[in-house]
Amino acid sequence: LATILMIVLVAHTTSAWRQTRKPEAAPTAATTNAEDEIKKLEEMRNDAVLHGDFSVLDRMTSDDYTFVTLRGEMRTKQEILKGFASGSFHYDSRQIFDLKVRVYGDTAVVTGRSVQKGMENGKDYSGNYWFTRVYVKQNGQWLTVALQTTPIRP
């Protein structure tokens, strides 16, 4: 619920900001660099999930991270790391695409699509879905703080 409220708040704030701001100039080099950096982080994170590399996931994720899964389950960073470390989370394939990054200072919001085949705690987590991930830059490093996923029904 907290993640959903955060996403709604970000969307509302963004909408209000767009209505009151002056016309936008071309993106700055810093914004473009941040967008590219976030896209690279998404690729690295996807690779870590696919290979079960919990040490990489640990470094990329804030301690207060929240994740709402395809099944509507709320997970913490520790639960995710434990799942990969134990092998109870396993993916045979996973692709991400259609990444769109919006940067707001030290916060970035990524939307994208994913197709995956895998299991988590004995449950099939295969499918197609949309996702929204939030990053915050802390001490010069982008960390993911929240993720929300939504299945795409055929």
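Residues numbered from 1 in each chain as written. Predicted model: local features only at pLDDT ≥ 70, side-chain atom pairs only at ≥ 80, totals over all residues. Heavy atoms only, no water.

**So, the pattern of salt bridges**
Inference 1: One pass over the full model with this rule turns up seven salt bridges.
Inference 2: Across the pair Lys 77 and Asp 58 runs a salt bridge whose closest N-O atoms are separated by 2.8 Å. Of this pair, Lys 77 sits in helix H4 (residues 77-86) while Asp 58 sits in helix H3 (residues 54-60), placing them 19 residues apart in sequence.
Inference 3: Each member of the salt-bridge network shares a partner with another, and the members are Glu 73, Arg 75, Glu 120 and Lys 123. (Salt bridge = Lys/Arg side-chain N within 4 Å of Asp/Glu carboxyl O. Helix = DSSP H or I, 4+ residues; strand = E, 2+ residues; numbered from the N terminus.)

**Some words on the side chain of Ser 114**
Inference 1: Within the secondary structure layout, Ser 114 lies in strand E4 (residues 107-120).
Inference 2: Excluding anything up to four places from it in sequence, Ser 114 contacts Arg 94, Gln 95, Ile 96, Phe 97, Gly 127, Asn 128, Tyr 129 and Phe 131. (Contact = heavy atoms within 4.5 Å.)

**A look at the packing of aromatic side chains**
Inference 1: For the coordinates displayed, the defined rule picks out two aromatic pairs.
Inference 2: On the basis of an interplanar angle of 80° and a centroid distance of 5.3 Å, the ring pair of Phe 84 and Phe 89 is categorised as edge-to-face.
Inference 3: A residue is classified by how much of its surface remains accessible, and Phe 89, at 6% relative accessible area, is buried.
Inference 4: Positioned over the ring face of Tyr 125 is Arg 71, at 5.1 Å from the centre of the ring. (Phe/Tyr/Trp six-rings, centres within 6.5 Å; stacked < 30°, edge-to-face > 60°. Buried < 20%, exposed > 50% of the residue type's maximum accessible area, 1.4 Å probe, protein only. Lys NZ or Arg CZ within 6 Å of the ring centre and 35° of its normal.)

**Let's talk about the pairing of strand E3 (residues 89-104)**
Inference 1: Two strands pair when backbone bridges link them, and E3 and E4 are joined in this way by 13 bridges, in the antiparallel orientation. Residue pairing across strands places Ile 96 opposite Ser 114, the latter belonging to E4.
Inference 2: Here E3 folds back onto E4, and the loop between the two strands holds two residues, one of which, Gly 105, carries a positive phi near 70°. (Pairing = 2+ DSSP bridges.)

**Quick look at the nonpolar core**
Inference 1: The biggest cluster of nonpolar side chains holds 27 residues, and the ones touching the most others in it are Ile 38, Phe 84, Val 110, Phe 131, Tyr 135 and Trp 142.
Inference 2: Of all the secondary-structure elements, those providing two or more residues to this core are helix H2 (29-51), H3, strand E1 (61-68), H4, E3, E4, strand E6 (127-138) and strand E7 (141-151).
Inference 3: Setting aside residues no more than four positions away along its own chain, Val 110 makes contact with Ile 38, Glu 42, Leu 99, Lys 100, Val 101, Phe 131, Thr 132, Arg 133 and Tyr 135. (Core = buried A, V, L, I, M, F, W, Y, C linked by side-chain atoms within 4.5 Å.)

**A word on unusual backbone geometry**
Inference 1: One non-glycine residue, Asn 121, lies in positive phi territory at about 50°.
Inference 2: Summarising the element assignment, Asn 121 is placed in the loop between E4 and strand E5 (123-124).
Inference 3: Although it is not a glycine, Asn 139 adopts a positive phi angle of roughly 50°.
Inference 4: Along the chain, Asn 139 falls in the loop between E6 and E7.
Inference 5: The class for Asn 139 is exposed, based on a relative accessible area of 85%.

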